[in-house]
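As a plain string of letters, each chain reads:
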Protein chains: 4
Amino acid sequence: MRKIKILAITGIRSEFDILYPIINALRNNHRFDVKLVLSGAHLSDWHGSFINKIKEEGLVIADCIDSLLMTNRTTQRVKAVGLLSIGLAQTVEREMPDILFVIGDREESISTALVGNYMNILVAHFGGGDTVYGNADDPIRFAVSKLAHIHFTSADEYAKNLINTGEEEFRVFNVGNPSFENILKEPIINLDSLSQELDFDISEGKYIVLLKHPLSSEKEDSFHQMNVTLKGIQKFIDLTGFKVIGIYPNTDPGSYDILNAIKNYQNKSYIKFFKNLPRNLFINVMRNTKALVGNSSMGILEAPFYKLPVINIGNRQKGRLNAGNVKFVDYDSDKIAELISEACLDEDYRKSISGISNPFGDGNTSLKITDILENIDYSDQKWYVKRKLC
Amino acid sequence: MRKIKILAITGIRSEFDILYPIINALRNNHRFDVKLVLSGAHLSDWHGSFINKIKEEGLVIADCIDSLLMTNRTTQRVKAVGLLSIGLAQTVEREMPDILFVIGDREESISTALVGNYMNILVAHFGGGDTVYGNADDPIRFAVSKLAHIHFTSADEYAKNLINTGEEEFRVFNVGNPSFENILKEPIINLDSLSQELDFDISEGKYIVLLKHPLSSEKEDSFHQMNVTLKGIQKFIDLTGFKVIGIYPNTDPGSYDILNAIKNYQNKSYIKFFKNLPRNLFINVMRNTKALVGNSSMGILEAPFYKLPVINIGNRQKGRLNAGNVKFVDYDSDKIAELISEACLDEDYRKSISGISNPFGDGNTSLKITDILENIDYSDQKWYVKRKLC
Amino acid sequence: MRKIKILAITGIRSEFDILYPIINALRNNHRFDVKLVLSGAHLSDWHGSFINKIKEEGLVIADCIDSLLMTNRTTQRVKAVGLLSIGLAQTVEREMPDILFVIGDREESISTALVGNYMNILVAHFGGGDTVYGNADDPIRFAVSKLAHIHFTSADEYAKNLINTGEEEFRVFNVGNPSFENILKEPIINLDSLSQELDFDISEGKYIVLLKHPLSSEKEDSFHQMNVTLKGIQKFIDLTGFKVIGIYPNTDPGSYDILNAIKNYQNKSYIKFFKNLPRNLFINVMRNTKALVGNSSMGILEAPFYKLPVINIGNRQKGRLNAGNVKFVDYDSDKIAELISEACLDEDYRKSISGISNPFGDGNTSLKITDILENIDYSDQKWYVKRKLC
Amino acid sequence: MRKIKILAITGIRSEFDILYPIINALRNNHRFDVKLVLSGAHLSDWHGSFINKIKEEGLVIADCIDSLLMTNRTTQRVKAVGLLSIGLAQTVEREMPDILFVIGDREESISTALVGNYMNILVAHFGGGDTVYGNADDPIRFAVSKLAHIHFTSADEYAKNLINTGEEEFRVFNVGNPSFENILKEPIINLDSLSQELDFDISEGKYIVLLKHPLSSEKEDSFHQMNVTLKGIQKFIDLTGFKVIGIYPNTDPGSYDILNAIKNYQNKSYIKFFKNLPRNLFINVMRNTKALVGNSSMGILEAPFYKLPVINIGNRQKGRLNAGNVKFVDYDSDKIAELISEACLDEDYRKSISGISNPFGDGNTSLKITDILENIDYSDQKWYVKRKLC
């Protein structure tokens, strides 16, 4: 029996963490033949090169497509789409997969959807229907859904959104968030060992995690916004003696400015920044942190699983489904300090968060996806031609 | 007062015919500064190079971006998107327009929308909301609408479709089809002069027009489909002595096969093929033809204005708003001959067509667009950030 | 024992005819593992798509890289170099060959040499040291030699030229012209069968072959030059009743104009144009023609093997090693007619040509190349770093 | 009188320092109209974005072409050539300059030469004929010379080398090194002010400068090589209490590893690293340093002007004209320490260096170049077509 050929495209670590359980479930099923295309930050040593890690895992790399330009200008991302479209078309013509699999709303997502559309290859997309707005990624996410043939969503509400925008119902599957599987499987590391691994003492468990990315529509303010954020955190630290684990921003325009703002705090003893943390460390850091601060989508999509309070600063993530664990705050250092304080120290508030229900599923996602992809009739034209677009 | 800078992107003649009245209205208004970017088939001598014609008209060319690869493979169009995204980002960074203006659902449409999205430049798009399906262009059209900031539609129904898919109402303007303005302004040429200009005798007015493009989802059948079409036409001709004016297909994959099928008919005296006809000849050919045969969007979008019967062969244009002048037929040469016969010779049928009402407006489009673009507050952030995407 | 991995890059038919015997000899030797990269005109149906032919031969295609833009502008070729450099780097990173093998002086030649130089992969180049000038290809050929690590030349004089320009002697091997092997191996087809296959009566053997390409430095004159050429030929035909087998030009800027000039002669019964001829037909056409007319490099490089008189019109091929069979003539239709006449009908002149000696070897080229590549010590750094460049 | 249009292409700071005096002399001459194209590291904030600085100087930017990919892999530079060739062809078609001006042997040099060759635009190149070998740049430099039409060299020997490789004599002009003009014009800053500006105390004048780049043929050893270098320096520092001013490496593959090696030394008080130094500071740092250590071309090309001892570590710069001020040393930390010691402290040796004669001219370069470009007959075909290539 001919195997079902899957070609999965990935460009950044945050995306790969979601993709990984799916890839793993697919390759553990003998019906599938899975290969990866690496691009973007995965190929940048500045962001922790990924190629060797992938090879160690025994994953097959179909091609590496350079797409990340070293600039902070707004040309960066759309030229990446250009490079990916050209490079990926070359790969796809050779590999002729049955499915192109892609996650999210970044350059690789839209490029993959374009390649599938023009080359008549089914595109399976995870992550559509999400209502967040304000970033260049957001219209992209809906454009990807218009081009993709099979939609996997992380929440029921998102599935409904796709159908409302005109997608045929038979293409839409709510499967929940696959990244919970990483968490469930990850062995526990206690705080002492974690402190050692990180070379940073968080053994008392009094720490927060900071993850802040630029917002394309407010790119020019990136430096200032990060400064206010760090000042707000410092106010909280000054009063409480907490520690801070910071993660570097993604590679989008404005990230250079955020890194610049970070520099002024890099020598403070209460804070330590990491380019990337290995998954095992990151998950254990998240399990024990008192709060997540910044504007990462993790606050919306994963924190409910950890029952973790989130302080989302600024407009990024606005419009997104809020499980109840996220408070939004403007760029006001006093308010930021106050909300972090509440999240970390107000036991009533913390109790209310621990009781929220999680709209993003139960961690069974990858098997659902595998099942669906295994049972598609790949010769049925209904999958290839959308007879209804609105 | 600073002028409003418009950068319009175009890649193919059929698109430019729609764009032209708008461009003209904009540059006749002193508030606007208009430049063009040429790409795709406009730069191909094989398709009648366009650069000199543009320069004669006094239009300013900001840049020429090569994007049309000489191949019949499915890699062709998505690599064109890649080249356009990279080249146009370079142009836009230099020109920094207030508006990127683009038409339709082709490579230049999606590339322009991507550049605007990632570079924070407003994209005004004409042609969204159209329900036709089956071609690679169709999902692209909706993806473009998801990315564009200002929507001009050619029919009221199309405007409603965009709002239904989640676009904010204030962004959507139904303005009708601008190409009617070309027709209204074009002086009449009588059939004798037309015959001379074409070097092809249609002085008796007994002729049809053939315009047939490949369909991406049926690319492999392109040769066969064109063959059946030409055979059907021949059957009609054999009985009636009509003439046929054929126009070459667009540049999409499959066009090579259509051209191949044409070869076998190129020496017949009843048919003459043209790469492109100058606008003045084409409009007068359309004014006098008895029917339009093939699968061009012109049958849907412009023929109602001419009150012209259309025989649409195959699946291209399916799903589109039908003013009542279009009959769809499968690849069956007898049926094709029969329907052409009805359209050309059945006076009752012809009378019914002459009475249809045209859903695509009254030919006042370009002034409506100019007016809207003149009155936008370009400093209002609501235009740049979509706060509602579904 | 690990095989020596060869990746050969080709973009046009004329080049592949030279490459083919080498590729064949390499894959018949168990020490080598050979793959092809196809680009340029090989991927254009307009030029006789090559992919299927390659697959039928059982050759392995590593990747197809679209590089031929459909335009007659001077941007065409340098953008092709851009596309090839990007696409080929992607292929080479995956394949990691021991040798990149490339022929000639076209876009694929320089792109391959650039990829090898920057990625530390040995480039073996056939065709350097040739003294012809006037075309954009000519400086490219020497630039390629400056970048390539192993040089195979077709004549002793060319080998010396490379050493004179500073190349280290151990890198330079004169091996002769491999295309003679195609000729030697090709079974004879008699003129009657040939006429049938071509659907063109040359059974009396009274015909010439016309092969004319544009010259980049005289691109603007391409139409005129082809016109004069065809007029000169017509004068000869009018007097002698000869036939003409014409081959379409290559894809370079100006080729569109040459095709345009051809149109006016396409209906004449004495001439028939072919896009490309299958190798078996082409070789037998060349074996029997009375003369080769135009400006193809074949006149210089292959015609001496056939002992064939050549009339080279215009400046292309100037500066090249002349075995004595080539007469150069300006764009003067009378002179052209006169020289063709002499070449076809003057028995003394024809006799003198039949006695020339051929500086391009004896047809043993491919085995020489195989032998050299088999005996290189691929771990010796001397091959990778040029310690002498001038 | 029509101005002579010059388009100068630049991609990295080191190159711009050489280009700047020429650009300045050209724009101060009313006969010329000068524009710049920025690419590569100039567009990277990580390397000190250059766009604003250029605009402040009143220089006109024709286009910005992103070409620097954020990766440490060997695909980086050849893909940059691809992006530059495509982007620059777009610029050149619009600008139609009389001269493309470019410096050196990097991606922008070869891309510019390719664009000029294929688009029939004269390429004036500064920096050919240099005999250094071992880096990917070196074959590129000679390939550029094969393609360029006008050669400006920095030394008489280099001019002779170009003629020996086959370049026509009338194209070759020895003009010396233009960067000396920057030095001559730069006001003196005393060591106290310099220390303040640098926020690093070098007021006693006891310091060396470290400038070390990766070598493509030894890329894998970059980390180790930098480590040995830094260890060697440390040994010297331990004995003498000198200071070290380090400059970050260029952007080539391997630079990431060098930066990694630097990290372990970044907190030492005796050393301070700078991404880039503004020209005024850099020149005054060079005027007062006791020695230059590393493998920068500055040691060969500029240090003779400062009469500065140079310790060149490793194989980069091997083969280059040595004015007598450069000592080569292998990766041996003891030897490195010893040679730095000699260069800084051995007064006899220092005296001998101060007496060397400088083969790179007297600092009058830019006017010579202006003069030559002003007096070229741009309508003379001899400049465009090389009639002799070897």
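Residues numbered from 1 in each chain as written. Chains lettered and ligands numbered in written order. Predicted model: local features only at pLDDT ≥ 70, side-chain atom pairs only at ≥ 80, totals over all residues. Heavy atoms only, no water.

Participant: Break down the sheet that holds strand β9 (residues 243-247) of chain A for me, with residues and values.
Facilitator: All names here are of chain A. Taken in spatial order, the six strands line up as β10-β9-β8-β11-β12-β13 in an open sheet, and their pairing is parallel. The outermost strands of the open sheet, each flanked by one partner alone, are β10 (271-274) and β13 (326-329). Strand after strand, the sheet turns through a mean of 20 degrees between neighbouring axes, direction not considered. In this structure, strand β12 (residues 310-313) lies alongside β13, joined through four bridges in parallel fashion. The residue of β13 that forms the bridge with N312 is F328. The sheet strands contacting helix α9 (residues 222-240) are β8 (207-211), β9, β10, β11 (291-294) and β12, and the helix crosses β8 at an angle near 180 degrees. Together, β8, β9 and β11 form the strand contacts of helix α11 (residues 279-288), whose direction differs from that of β8 by roughly 125 degrees. (Pairing = 2+ DSSP bridges. Helix = DSSP H or I, 4+ residues; strand = E, 2+ residues; numbered from the N terminus. Axes fitted to C-alpha atoms, helices over the stretch in contact; angles between N-to-C directions. Contact = heavy atoms within 4.5 Å.)

Participant: Describe the relation of the copies chain A and chain C, listing the residues and the values that go with them.
Facilitator: After a rotation of 180 degrees and a shift along the axis of 0.0 Å, chain A superposes on chain C with an RMSD of 0.0 Å. Interpreted geometrically, this transformation is the action of a two-fold axis. When C-alpha positions in chain A are compared against the rotation axis, the closest is assigned to G87(A), at 3.3 Å. When the interface residues of chain A are mapped onto chain C, 100% of them again fall at the interface, so both copies present the same face. (Least-squares fit on C-alpha atoms with pLDDT ≥ 70 in both.)

Participant: An account of the interface of chain A and chain C is requested, with residue identities and associated values reported.
Facilitator: Taken together, the contacts link eleven residues of chain A with eleven residues of chain C. Both faces considered, chain A and chain C share a buried interface measuring about 850 Å² in area, 43% of it formed by carbon and sulfur atoms. Looking at the side of chain A facing chain C, the largest losses of area belong to Q90(A), E93(A) and R94(A), adding up to 53% of the total buried there. Taken together, the links from chain A to chain C amount to two salt bridges. Looking at the side of chain A that touches chain C, the elements with two or more residues in it are β3 (61-65) and α3 (75-95) of chain A. Looking at which element gives the most residues to the side of chain A that touches chain C, the answer is α3(A), with seven residues. (Buried area = accessible area lost by both parts, 1.4 Å probe. Salt bridge = Lys/Arg side-chain N within 4 Å of Asp/Glu carboxyl O.)

Participant: Explain the interface of chain D and chain C to me, using residue names and the numbers behind them.
Facilitator: At the interface, 45 residues of chain D touch 45 residues of chain C. Both faces considered, chain D and chain C share a buried interface measuring about 4100 Å² in area, 72% of it formed by carbon and sulfur atoms. Among the residues chain D hides against chain C, the three largest losses belong to V78(D), Y118(D) and Y133(D). Together they make up 18% of the total. Counting the contacts that link chain D with chain C gives two salt bridges. Ionic pairing is found between R73(D) and E93(C), a salt bridge with its closest N-O pair at 2.7 Å. Across the contact surface, chain D and chain C share eight residue pairs in polar contact (both at pLDDT 80 or more). Elements represented by at least two residues in the side of chain D that touches chain C include exactly α3 (75-95), α4 (107-119), α5 (137-147) and α6 (156-164) of chain D. Looking at the side of chain D that touches chain C, the element that brings in the most residues is α3(D), giving twelve residues. Here the side of chain D that touches chain C is built from residues that sort into 21 nonpolar, 14 polar and ten charged. (Polar contact = N/O pair within 3.5 Å; in protein donor to acceptor, adjacent residues only side chain to side chain. Nonpolar A, V, L, I, M, F, W, Y, C, P; charged D, E, K, R; others polar.)

Participant: Give a description of the environment of I376(C) that names residues and reports values.
Facilitator: Structurally, I376(C) can be placed in the segment after α16 (365-374). Among all residues touching I376(C), those that are not within four sequence positions of it are I150(C) and W383(C).

Participant: Outline α3(D), supporting the account with residue identities and numerical values.
Facilitator: Residue and element names in this part refer to chain D. The terminal C-alpha atoms of α3, which comprises 21 residues, lie 30 Å apart, in line with the 30 Å expected from a rise of 1.5 Å per residue. Of all 21 residues that make up α3, 19 are buried, and the element is covered over most of its length. Looking at the residues trailing α3, positive phi occurs at M96, about 40 degrees. (Expected span 1.5 Å × (residues − 1). Buried < 20%, exposed > 50% of the residue type's maximum accessible area, 1.4 Å probe, protein only.)

Participant: How would you sum up the sheet that holds strand β7 (residues 172-174) of chain C? Please name residues and give values.
Facilitator: As a general point, the strands of a sheet are linked pairwise by backbone hydrogen bonds and lie either parallel or antiparallel. All names here are of chain C. Pairing is parallel in the open sheet, where seven strands are placed in the order β3-β2-β1-β4-β5-β6-β7. Single-partner strands in this sheet number two, and they are β3 (61-65) and β7. In this sheet, neighbouring strand axes are inclined to one another by 20 degrees on average, regardless of whether the strands run parallel or antiparallel. In terms of strand pairing, strand β1 (residues 4-10) meets strand β2 (residues 32-39) through seven bridges, oriented parallel. The partner of K5 across the bridge, within β2, is D33.

Participant: For unusual backbone geometry, give the residues involved together with the corresponding values.
Facilitator: If you check the backbone angles, Q317(B) has positive phi at about 80 degrees while not being a glycine. Topologically, Q317(B) is positioned in the loop between β12 (310-313) and β13 (326-329). Owing to a relative accessible area of 2%, Q317(B) belongs among the buried residues under this scheme. The residue N120(C) is not glycine, and still its phi comes out positive at about 60 degrees. On the secondary structure map, N120(C) appears in the loop between α4 (107-119) and β5 (122-126).

Participant: An account of the confidence of the model for chain A is requested, with residue identities and associated values reported.
Facilitator: Across chain A, the average pLDDT comes to 95, with 99% of residues at 70 or higher. The ipTM assigned to the predicted complex is 0.93, against a pTM of 0.94. (pLDDT = per-residue confidence, 0-100.)

Participant: Can you explain the pairing of strand β10 (residues 271-274) of chain D? Please cite residues and give values.
Facilitator: All names here are of chain D. With four bridges connecting them, strand β9 (residues 243-247) and β10 associate as parallel partners. For I247, the partnering residue across the bridge sits in β10 and is F274. Where the polypeptide runs from β9 across helix α10 (residues 255-263) and back to β10, its parallel neighbour, the crossover connection is right-handed. (Right-handed = clockwise from strand over helix to strand, strands pointing away.)

Participant: Explain the state of the cysteines to me, using residue names and the numbers behind them.
Facilitator: Defined simply, a disulfide is a covalent bond joining two cysteines at their sulfur atoms. For the coordinates displayed, the defined rule picks out zero disulfides over all chains. We note that C390(A) lacks a disulfide partner, and the nearest cysteine sulfur, in C390(B), lies 15 Å from it. The class of C390(A) is partly exposed, set by a relative accessible area of 22%. Residue C64(C) stays outside any disulfide, its sulfur separated by 20 Å from that of C64(A), the closest cysteine. (Disulfide = S-S within 2.5 Å.)

Participant: I'd like to hear about the pairing of strand β8 (residues 207-211) of chain D, residue by residue, with values.
Facilitator: Residues and elements named next belong to chain D. Of all the five residues making up β8, five are buried; the element is thus mostly covered by neighbouring parts of the structure. Of the two faces of β8, the one holding Y207, V209 and L211 and the one holding I208 and L210 are both buried throughout. The pairing of β8 with β9 spans five bridges and is parallel. When the bridges of β9 are listed, V209 appears paired with I245. Bridging between β8 and strand β11 (residues 292-294) involves three bridges; their strand directions are parallel. Paired with L210 across the strands is V293, a residue of β11.

Participant: So what's going on with the packing of α3(A) against helix α4 (residues 107-119) of chain A? Residues and values would help.
Facilitator: Residue and element names in this part refer to chain A. Where α3 contacts α4, the axes come no closer than 8 Å and their chain directions differ by 45 degrees. Classified by the interaxial angle, the pair formed by α3 and α4 is oblique. Remark: the crossing between α3 and α4 carries right-handed chirality. Contacts from R77, A80, V81, L84, S85, L88, A89, V92 and E93 in α3 reach E107, E108, I110, S111, T112, L114, V115 and M119 in α4. (Parallel < 35°, antiparallel > 145°, perpendicular 65-115°, else oblique. Left-handed = near helix turned anticlockwise from the far one by under 90°.)

Participant: Outline the side chain of S145(B), supporting the account with residue identities and numerical values.
Facilitator: As for its placement among the helices and strands, S145(B) is situated in helix α5 (residues 137-147). By relative accessible area, which is 2% here, S145(B) ends up buried.

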